[in-house]
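Residues per chain, in single letters:
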Amino acid sequence: MAYNHKQLEKKWQEKWEKEEPWKAEDQSTKPKFYCLVEFPYPSGAGLHVGHPRSYSALDAVVRKRRMEGFNVLYPIGWDAFGLPTENYAIKTGRKPQEITNENTDTFRRQLKALGLSFDWSREVNTTDPAYYKWTQWMFLEFFKAGLAYKAKTMINWCPKDKIGLANEEVVQGCCERCGTTVEKREKEQWMIAITKYADRLIDDLKTVNYLPKIAKQQEDWIGRSEGAEINFEIRNPKSETNPKEESAKKHFVKVFTTRPDTIDGATFVVISPELAKTWMDIGWQASDEVRAYVDSALKREEADRTAEGKEKTGVDAGIKAINPFNQEEVAVWVADYVLGHYGTGAIMAVPQHDERDREFADAFGLPIVDRPLIAFDEAVAKVGGVKTTKYKLRDWVFSRQRYWGEPIPLVHCEEHGWVAVPESELPVVLPPVEKYEPTDNGESPLAEIAEFVNTQCPTCGGPAKRETDTMPNWAGSSWYFLRYIDPQNDQQFASAEKLKHWMPIDLYNGGMEHTTLHLLYSRFWNKFLFDKGLVPTSEPYARRHSHGLVMAEDGTKMSKSKGNVINPDEIVEQYGADALRTYIMFMGPFEEPVPWSTNGLIGVRRFLDKVMTMSEKIGGGPNVELARVMAKTIKKIGDDIEAMKFNTAIAQLMICVNAMQDAGAVSSELFASFLKVLFPFAPHIASELWEKTGYTTLLDTESWPTYDPALIVDDVVTLAVQVAGKLRGTIQVAPTAEQTEVEPPARAEENVAKWLEGQEVKKVVYVPGRMINFVI
RNA sequence: GCCGCGGUGGCGGAAUGGUAUACGCGACGGUCUCAAACACCGUUGUUCGCAAGGACUUGAGGGUUCGAGUCCCUCCCGCGGCACCA
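Computed from a predicted structure; not experimentally measured.

(A) Representation of the pairing of strand E15 (residues 329-335) in the model. Counting buried residues along E15, 6 of its 7 residues qualify, which places the element largely inside the surrounding structure. Judged from the 4 bridges that link them, strand E13 (residues 268-271) and E15 form a sheet pairing that is parallel. Residue pairing for E15: Ile-271 is matched across the bridge by Val-334. Judged from the 7 bridges that link them, strand E14 (residues 314-322) and E15 form a sheet pairing that is antiparallel. In the strand pairing of E15, Gly-314 is matched with Ala-335. Taking the residues that link successive antiparallel strands as the turn, the E14-E15 hairpin has 6 residues, and the phi of Gln-327 there is positive, at about 65°.

Structure, rendered in structure tokens:
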């Protein structure tokens, strides 16, 4: 029976709004459960169906938790700083904050229309000065601890637009807006020393429960390698003519290798163009050919240098080094397949053992020798090497030359250098500006605001200038889970007591696209705060799970340009929030990408209509068969929600309703249990029917149903009877029946008897409740 | 190239080494209707057979096992991540 979802859902959403059954308690005798979903970036396009996929599924988890007696914290907020808003502001001349407010209003309305059980009283917004005051405060903690430092890095520069571009704005080496090829420019940027935490970020993965693929990606991203640094002496040409000078003039090239055991086969040394440049800067008289190669290599983008299938290039440096293991003289080359920023920027090439070295040796006719391996430690010791660990992870570039981000709360004084803005002056609020474009020299538009820039040095009171760079939008999202715990606190980012009550997060769900950066940054950020004694746990997330993308019906990515985007508003309008929530969990395994199907959605809506129909058929005597189905349903839904297998949980709900329908009627007790297990998925209709069946309580406050384990076990099961491993018939037996009880009827089964006729049974395999196999 | 995950009906997908194809969609047949939609009932892996029943079937090919979608080996294809990190 089709129901009026609009009226019904509105009624319950209003009721929930009024009664607030989802408010988390900061003090409670109940066990706590902190469930986190990645807060959305409130884009102008509104909610995508991908958002409800994660939010509905975790909503099902927390609804079950509440019914199990947990004090649940399930918060939501807005990660609202970012480029799309800023670009939209530039285009329309409107204020980013205004745009953000409109977008968050839309998102809030859309999320509420889905009946998600967020504790709305804890909403946070990263662009709210009361929020970013603490983002700035935490940055200053990094600064004071010496973990935030300024360094020269390369930024993406669009020569036509004359602005620095964020990595996200560079598409295949070109400016996203005008298509001009992006250049590299040197710029001083604030950096945060995340690499100091590299080991702990890897090692502590053992202490948390992440999906294996997530832990693996974190580990790979950090990229730890154990190896050794070994000096290769540079043969000083002068030493041949004047041996006395030899010891005084010794020069070395230091290489990093993870395979010191192969050193006997090292037939040449390769240094990166970056290292070659450094050598030239300190006086190396390189040939013109070398200079030309280094110049061109340094100009090119790294992406270009490391492009797929690229032929190896390089040039003979014209100098020799000594392999410290066997004292053989080897050539030194400069080649861009050796990276300047990793290891020592120089390698020993062992073409026999390394494919890249092999390729280079083949290309330039360098020697390849096959020598036996030496024990790792022995090799390192013999050549006087030093065991070292290197990481792929690089320090976090924390500056953006942009408007719509948290101002970095530092001032520069001629006398005192970089000085922290005192805590009493936080937050450093983003001032209004006329134009949101970056300036011609690539600085943030804040650099144009004299009143903002010119200030006093907090140390000496003398004239000083504010930093005009802003933070990346990873900043606000690195600690938002802490603010949910105590969102109104204006003395601290959150009280120690409340943090102790809620942390760590019991379950954190998000997309795989945030597995490396956001997850790593926020773990690092939390660890730093932990070291400062500001948060109670070293790891913020006890368990991390991820969801797959919702694809378009044709299996491709949904995109505005293709016009295949599903708008949640329209679905809610036409089929209802319960149908959308339930369908989106039913469509496939939670972790996998799944294509959208409007027909599938309609099927789920039909299921909800059937539930409505059954509510009219309550009555009849006890029905053991139905009681068994109900018991199995309660068990399966419970198990599946824990395992995040929402699709099979919903399949079981359907099986259960089909059984009720076949029975023609259902007792009020069984139906009540059914409504409780339906509730996490379709809370509106479950609540409505709960009320309709005469209950006055909210389902939210009811307890999760239990079942009689005896009902899970059937008295009679269908046993498969196989002859030589092939199914030849079935018989009805008790699941616990002994083999001696089962064998005679199995042999007697008409078709089985036929197959056994004239055969010698060599062996009988019996699995109670499953099958019996006569091996012939 | 390396790492990870996957390949099951017409489609989305189920399946602790034990009756493959649950559940849903679609399709077909029927009931209701003047008719259609909705709803409900039935059928639906392929194939041989009137039927009883048989043969085949989880990307391909081998293997282990009484028994393999599931475990092992070789290969093909798709998706995701990393990509000259020494």
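Next comes the rest of the account.
(B) Inspection of the packing of helix H9 (residues 273-281) against helix H10 (residues 288-299) at higher detail. At a closest axis distance of 9 Å, the pairing of H9 and H10 adopts a crossing angle of 125°. Judged by the inter-axis angle, H9 sits oblique to H10. The two elements H9 and H10 meet at a crossing, and its hand is left-handed. Touching Pro-273, Glu-274, Ala-276, Lys-277 and Met-280 of H9 are Arg-291, Tyr-293, Val-294, Ala-297 and Leu-298, all from H10. Classifying every residue of the contact of H9 with H10 by side-chain character gives 7 nonpolar, no polar and 3 charged.

(C) Spotlight on the protein's contact with RNA strand B. With respect to spatial proximity, 51 residues lie near RNA strand B, and among them Ser-225, Thr-258, Lys-312, Arg-356 and Lys-392 are the closest. Looking at RNA strand B alone, sugar and phosphate atoms form 66% of those within 4 Å of the protein. Residue Lys-392 places a side-chain N or O atom 3.3 Å away from a sugar or linking oxygen belonging to RNA strand B. At 2.7 Å from a base oxygen of RNA strand B is found a side-chain nitrogen or oxygen belonging to Asn-773. Ranked by the residues each element gives to the surface near RNA strand B, the list is headed by helix H22 (residues 646-663), at 7 residues. Partitioned by chemical class, the residues of the surface near RNA strand B number 21 nonpolar, 15 polar and 15 charged.

Rules of the game
- Residues numbered from 1 in each chain as written.
- Chains lettered and ligands numbered in written order.
- Predicted model: local features only at pLDDT ≥ 70, side-chain atom pairs only at ≥ 80, totals over all residues.
- Heavy atoms only, no water.
- Buried < 20%, exposed > 50% of the residue type's maximum accessible area, 1.4 Å probe, protein only.
- Helix = DSSP H or I, 4+ residues; strand = E, 2+ residues; numbered from the N terminus.
- Pairing = 2+ DSSP bridges.
- Axes fitted to C-alpha atoms, helices over the stretch in contact; angles between N-to-C directions.
- Parallel < 35°, antiparallel > 145°, perpendicular 65-115°, else oblique.
- Left-handed = near helix turned anticlockwise from the far one by under 90°.
- Contact = heavy atoms within 4.5 Å.
- Nonpolar A, V, L, I, M, F, W, Y, C, P; charged D, E, K, R; others polar.
- Near = heavy atom within 4 Å.
- Polar contact = N/O pair within 3.5 Å; in protein donor to acceptor, adjacent residues only side chain to side chain.

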